[in-house]
Amino acid sequence: MPTITAFERSPDRGRGLARDMRVRWALEETGQDYDVRLLSFEAMKQPQHLARHPFGQIPTYEDGDLVLFESGAIVLHLAVRHAGSGLLPEDPDARARAIAWMFAALNTVEPPIVELSMAGILERDKPWYEARLRMLRDRVRTRLEQLSNRLGKDEWLDGAFSAGDLMMIAVLLRLRSSGLLEEFDNVAAYVARGEARPAYQRAFAAQRAVFQGLDAPDRN
Ligand code: GTB
């Protein structure tokens, strides 16, 4: 059974914002049971974990001899390995486009979102914070508007739900408390559709159970 790593005490208090959530979601979409190794911040920097993850972070994924880091690489591996799960389309062109959406989520949409949330944590007491906040929120808004234009009235980004949607929605969820998602009705509805998926619900409950000190709920 694969083992992933996650925060022993997630700073988000079980709101599913840390990047193990997207891996848990992909594991659930592909129907895999998995173990979770919970790590303190200190343990993440020890040699045992650095052998799994050169940057001392979570999540990681271990299955037999394979050890992987980077949430995008792990989700892509699961989607390829469990081809029947539908996380990647069979048609080669559609598959390439789904992978492009994964990269877009990680490389184009996530960076301004991370910058915005880091500013809220690290720069709140600076005299220029309000001006910078406005600029960072506008940068995120630009991406949301572009995404909204592309999505239009569609259910998912490119045909059926794929790993591209999983990654995009996991990234967009980091905006939940910003109020920005609500400015774009179709994007907010898209995120809600992702959250409503049973696999997402199981993954969310499992990471929340860690915060609440409970056993993970049974899969069904
Ligand atoms: N590119 C890597 C990936 O996609 O896997 C990035 C991995 C990463 O940033 N991991 C973070 C980590 O291990 C946890 S997810 N940080 C500890 C460290 O670097 O020492 C980032 C995260 C953390 C907490 C919240 N939160 O509480 O809301 C949200 C996101």
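As the structure is a prediction and not an experimental result, all values here were calculated from the model. (Residues numbered from 1 in each chain as written. Predicted model: local features only at pLDDT ≥ 70, side-chain atom pairs only at ≥ 80, totals over all residues.)

### Remarks on the sheet that holds strand E3 (residues 60-63)
One open sheet accounts for four strands, arranged E2-E1-E3-E4; its pairing is mixed. Since the sheet does not close on itself, it has two edges, and those belong to strand E2 (35-39) and strand E4 (66-69), each with one partner. Each neighbouring strand pair of the sheet contributes to a mean axis angle of 20°, computed without reference to strand direction. Both strand E1 (residues 3-7) and E2 contribute to a ladder of five bridges, which runs parallel. Among the inter-strand pairings, Phe7 is bridged to a residue of E2, identified as Leu39. (Pairing = 2+ DSSP bridges. Helix = DSSP H or I, 4+ residues; strand = E, 2+ residues; numbered from the N terminus. Axes fitted to C-alpha atoms, helices over the stretch in contact; angles between N-to-C directions.)

### Let's talk about the nonpolar core
Counting residues in each nonpolar core, the largest one holds 55 residues, and the members touching the most others are Ala26, Val75, Ala163 and Met167. Broken down by element, this core gets its largest block of residues, nine residues, from helix H5 (residues 92-122). Each of domain 1 (3-86 + 199-211) and domain 2 (92-197) contributes no fewer than three residues to this core. Ignoring any residue separated from it by four or fewer positions in sequence, one finds Ala26 in contact with Val75, Leu78, Ala79, Leu87, Ala163 and Leu166. (Core = buried A, V, L, I, M, F, W, Y, C linked by C-beta atoms within 7 Å. Buried ≥ 20, exposed ≤ 12 C-beta atoms within 10 Å, placed from the backbone. Domains from an automatic or database assignment. Contact = placed C-beta atoms within 7 Å.)

### Points about unusual backbone geometry
Cis geometry marks the peptide bond from Ile58 to Pro59; its omega dihedral reads 0°. When you line up the elements, Pro59 lands in the loop between helix H3 (47-50) and E3. Positioned with a positive phi, Glu70 is a non-glycine residue whose angle comes to about 80°. Relative to the helices and strands, Glu70 resides in the loop between E4 and helix H4 (71-81). Among the residues examined, Glu70 registers 17 C-beta atoms within 10 Å and is labelled partly exposed.

### Considering the environment of Gly64
Within the secondary structure layout, Gly64 lies in the loop between E3 and E4. Linking Gly64 and Leu39, residues 25 residues apart in sequence, is a C-alpha distance of 20 Å.

### Thoughts on the domain arrangement of the protein chain
On domain assignment, one finds that the protein chain holds domain 1 (3-86 + 199-211) and domain 2 (92-197). Taking the mean C-alpha position of each, domain 1 and domain 2 sit 21 Å from one another. Contacts between the two partners involve 15 residues from domain 1, matched on the other side by 13 residues from domain 2. Breaking the side of domain 1 that touches domain 2 down by element, the ones donating at least two residues are helix H1 (20-29), H4 and helix H9 (198-211). At five residues, H1 tops the list of elements feeding residues into the side of domain 1 that touches domain 2. For the side of domain 1 that touches domain 2, the per-class residue count stands at nine nonpolar, four polar and two charged. (Nonpolar A, V, L, I, M, F, W, Y, C, P; charged D, E, K, R; others polar.)

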